[in-house]
Amino acid sequence: MSPEPAERGAISHHAPRPTELCNGGPPTDVMASTTGPPRDQPGAPCPCIPSLAVSDVFTALDASPRGLTPAEAAARQARYGPNELPGVGRGHVWMRLIAQFTDLFAVVLLVSSAITFLAYALEQPRDPATLQLALAILGVVLLNAGIGFTQEYSAERTAESLQAMVPHTCRVLRDGEPRELPARDLVPGDVVLLEAGDAVSADCRLVEAHEVAVNNAALTGESDAVPRVAGPVPAVPTLEARNCVFMGTDVVAGTGKAVVSATGTATEFGRIFRLTAAAPRQKTPLQLQVAAMARRVAGVALATGAILFAVRVPNGQPFVDTFVFSLGVMVALVPEGLPATLSVSLAIGVRRMARRHALVKELLAVEALGSTSVVCTDKTGTLTQAEMTVVRVWANGVSHAVAGVGYAPVGEVAEAGSVRELLRTAALCSNARLVPPTSRDGWRVLGDPTEGALLVAAMKAGLDPSVEEARSPRVAEYPFDSVRKLMSTVHRAP
């Protein structure tokens, strides 16, 4: 990391960044046919948008560099609808309560309770124990439904409250004036202002980009920062266009302007939403096993009751007494305590998950997690926390250990004096920012994780990046590229 000579300044370098995702090979026919929302979707972009020059983008999207007027924005809002994904229809509360009684085993127990009530009404003299049994079975069904409904309703309310805490705003140009608006009010043709740390609220084509890099993990699963450009690119599937940013992604570096090309379900994120919404809901292993057992129990109970009835009636037994006796045997064969036992066991599992800060919306999800035998995952950001930490610095043939884990600047560098200048250079050659902890989040980095790790290492060596930047202000920057395999910054000497 030795600095290159530069006129009236010093040039800083740091290690190469990972090659950007968009440098991969050409897409296959299948990828091309499935990428991008259908053209009949309201607000769907034209596939040619990435290949247009900046001046032509405004024409194609019927937009202006000054942004839309309030009247035009309102007209497009009425035409395209709000920029949001439709909520999952949960139905009324009473409908979700009734759904708790549609399970096959619950149906078997309800039938058993009804049969027991019928037996109580028919028998002479009436036995209070029969009535108590009918009420007990009905109580088990109600208890089971109450536990399931309470847990699911509570989890939904918690998820809604968490969602309400997340800000959903963006900065746009309207009549040439920057305004902060709710993200749902974005429409195709809006000019959006972007900077590091912003969440992208719609699919956009960049028309101005200053060292912009985005994190596309929500769409691609890769947490590496991907550079973006404003100029036209060759015709490729929209998701691979290097001059586009997409709903659900984050800007990790740079500033820029972009024109909204798609909103709501017409976005790439909306396409994923439509695919997942159309996927059929599968039953968990426990649901399949309980349903199979309920069918067997019901079959055995009916067969046993029918056989006993057929045997006793020809032998001269009273018809009503025989019928009541057969009903009693059928009910006795049903394990009415099983559903309550399962619900209580799953509820205990939900509570244990909650103590580990995991929110479970449905009781059966706990069992499904326990039945998982294979977990398919990828790398950084999935099994790990998308954090990088410098643990060792090598300089002049000597290795210096760095204490501490994560982005908290807590720890020290062994023999920091001999590597202070090296870490100062690394801190100056960085566009990342270290964000102090809040009541909800710990230390985090806005920008590239590698640059953030170098910033933290410099702070552990006793350096203050803001002070160093003031002493040696940046004069120019040469962004990372795949040919040089490094990034360089020019600074004015103190």
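This text gives an overview of the structure that appears in the document.

Cut-offs used in this document
- The written sequence of each chain sets the order in which its residues are numbered from 1.
- pLDDT decides what is reported in this predicted model: residues at 70 or higher carry local features, side-chain atom pairs at 80 or more are listed and counted, and totals for whole chains, interfaces and linings draw on all residues regardless.
- Side-chain numbers here rest on the full set of heavy atoms in the structure, without hydrogens or water.
- Numbering goes from the N terminus for both helices and strands, where a helix is a DSSP run of H or I of at least four residues and a strand is a run of E of at least two.
- The buried label goes to any residue with under 20% of its type's maximum accessible area, the exposed label to any with over 50%, and the partly exposed label to all in between, with areas taken from a 1.4 Å probe on protein chains only.
- A contact between two residues is defined here by any heavy atoms of the two lying within 4.5 Å.
- Note that accessible areas follow from Shrake-Rupley with a 1.4 Å probe, and for residues the cover is restricted to the protein chains shown.
- Within this analysis, the arc is defined by the directions that extend from the helix axis to the C-beta atoms.
- For helices, the fitted line uses only the C-alpha atoms of the stretch in contact; every axis is such a line through C-alpha atoms, and the angle between N-to-C directions lies from 0 to 180 degrees.
- Small angles under 35 degrees read as roughly parallel and large ones over 145 as roughly antiparallel, with 65 to 115 read as roughly perpendicular and the rest as oblique.
- Note: crossing handedness is left-handed where the near helix turns anticlockwise from the far helix by less than a right angle, and right-handed where it turns clockwise.
- All amino acids are sorted into three groups, where Ala, Val, Leu, Ile, Met, Phe, Trp, Tyr, Cys and Pro are nonpolar, Asp, Glu, Lys and Arg are charged, and the leftover types, Gly among them, are polar.
- Here the aromatic set is Phe, Tyr and Trp, taking the six-membered ring for Trp, and pairing holds for ring centres within 6.5 Å; pairs whose planes are under 30 degrees apart are stacked, those over 60 apart are edge-to-face, and all others are tilted.
- We call a charge positioned above a ring when the Lys NZ or Arg CZ atom is no farther than 6 Å from the ring centre and deviates by at most 35 degrees from the ring normal.
- The rule for pairing is simple: two strands pair if DSSP sees at least two bridges between them.
- Only residues above 30% relative accessible area that lack a salt bridge enter a patch, with like-charged residues linked at up to 9 Å and the nonpolar side chains Val, Leu, Ile, Met, Phe, Trp and Tyr linked at up to 5 Å.
- Only one rule defines a salt bridge in this text: a Lys or Arg side-chain nitrogen within 4 Å of an Asp or Glu carboxyl oxygen.

1. Comments concerning the overall build of the chain
Phase 1 of the analysis: Of the regular secondary structure elements, the chain holds 15 helices and 15 strands.
Phase 2 of the analysis: Burial statistics for the chain: of 494 residues in total, 38% are counted as buried.
Phase 3 of the analysis: Long-range pairs, those at least 24 residues apart, make up 65% of the contacts in the chain with a sequence separation of at least 6.
Phase 4 of the analysis: Counting every atom, the chain has about 26800 Å² of accessible surface; 60% of that belongs to carbon and sulfur.

2. Details of the environment of Q124
Phase 1 of the analysis: Tracing the sequence through the fold places Q124 in the loop between α5 (104-122) and α6 (128-165).
Phase 2 of the analysis: Judged by relative accessible area, Q124 falls into the exposed class, the value being 61%.
Phase 3 of the analysis: For the pair formed by Q124 and V320, sequence separation is 196 residues and the distance between their alpha carbons is 8.9 Å.

3. Observations regarding helix α3 (residues 70-80)
Phase 1 of the analysis: Residues of α3 that are buried include every one of A73, R76 and Q77, and no others. Buried residues in α3, looked at end-on, bunch into an arc of 105 degrees, giving them a common side. Along α3, exposed side chains directed more than 90 degrees from the buried face belong to A71, A78 and R79.
Phase 2 of the analysis: Positive backbone phi, approximately 85 degrees, marks G81, located one or two places after α3.

4. A look at the packing of α5 against helix α10 (residues 319-332)
Phase 1 of the analysis: Contact geometry for α5 and α10: axes closest at 9 Å, N-to-C directions at 155 degrees. Classified by the angle between their axes, α5 and α10 sit roughly antiparallel to one another. The chirality of how α5 crosses α10 is left-handed. Residues S112, I115, T116, L118, A119 and L122 of α5 lie in contact with α10, whose contacting residues are V320, F323, V324, L327, M330 and V331.
Phase 2 of the analysis: In terms of residue class, the contact of α5 with α10 is built from 10 nonpolar, two polar and no charged.

5. Some words on the packing of aromatic side chains
Phase 1 of the analysis: Counting across every chain of the model gives zero aromatic pairs.
Phase 2 of the analysis: Across from the ring centre of Y120, 5.6 Å away, lies the NZ or CZ of R126, which sits over that ring.

6. Quick word on the pairing of strand β5 (residues 191-195)
Phase 1 of the analysis: Along β5, four of the five residues are buried, which leaves the element largely enclosed by surrounding structure.
Phase 2 of the analysis: When strand β3 (residues 169-174) meets β5, the two strands line up antiparallel, connected through three bridges. Paired with V172 across the two strands is V192, which belongs to β5.
Phase 3 of the analysis: Pairing geometry for β5 and strand β9 (residues 250-262), over five bridges, is antiparallel. What sits directly across from V192, in β9, is A258.

7. Re a nonpolar patch on the surface
Phase 1 of the analysis: Among the surface-exposed residues, L118, L122, V313, F319 and V320 lie close enough to one another that they form a single nonpolar patch of about 400 Å² accessible area.
Phase 2 of the analysis: The set of elements that each furnish at least two residues to the nonpolar patch consists of α5 and α10.
Phase 3 of the analysis: By secondary structure assignment, the location of V313 is in the loop between α9 (285-312) and α10.

Limitation: the analysis is restricted to geometry and does not speak to function.
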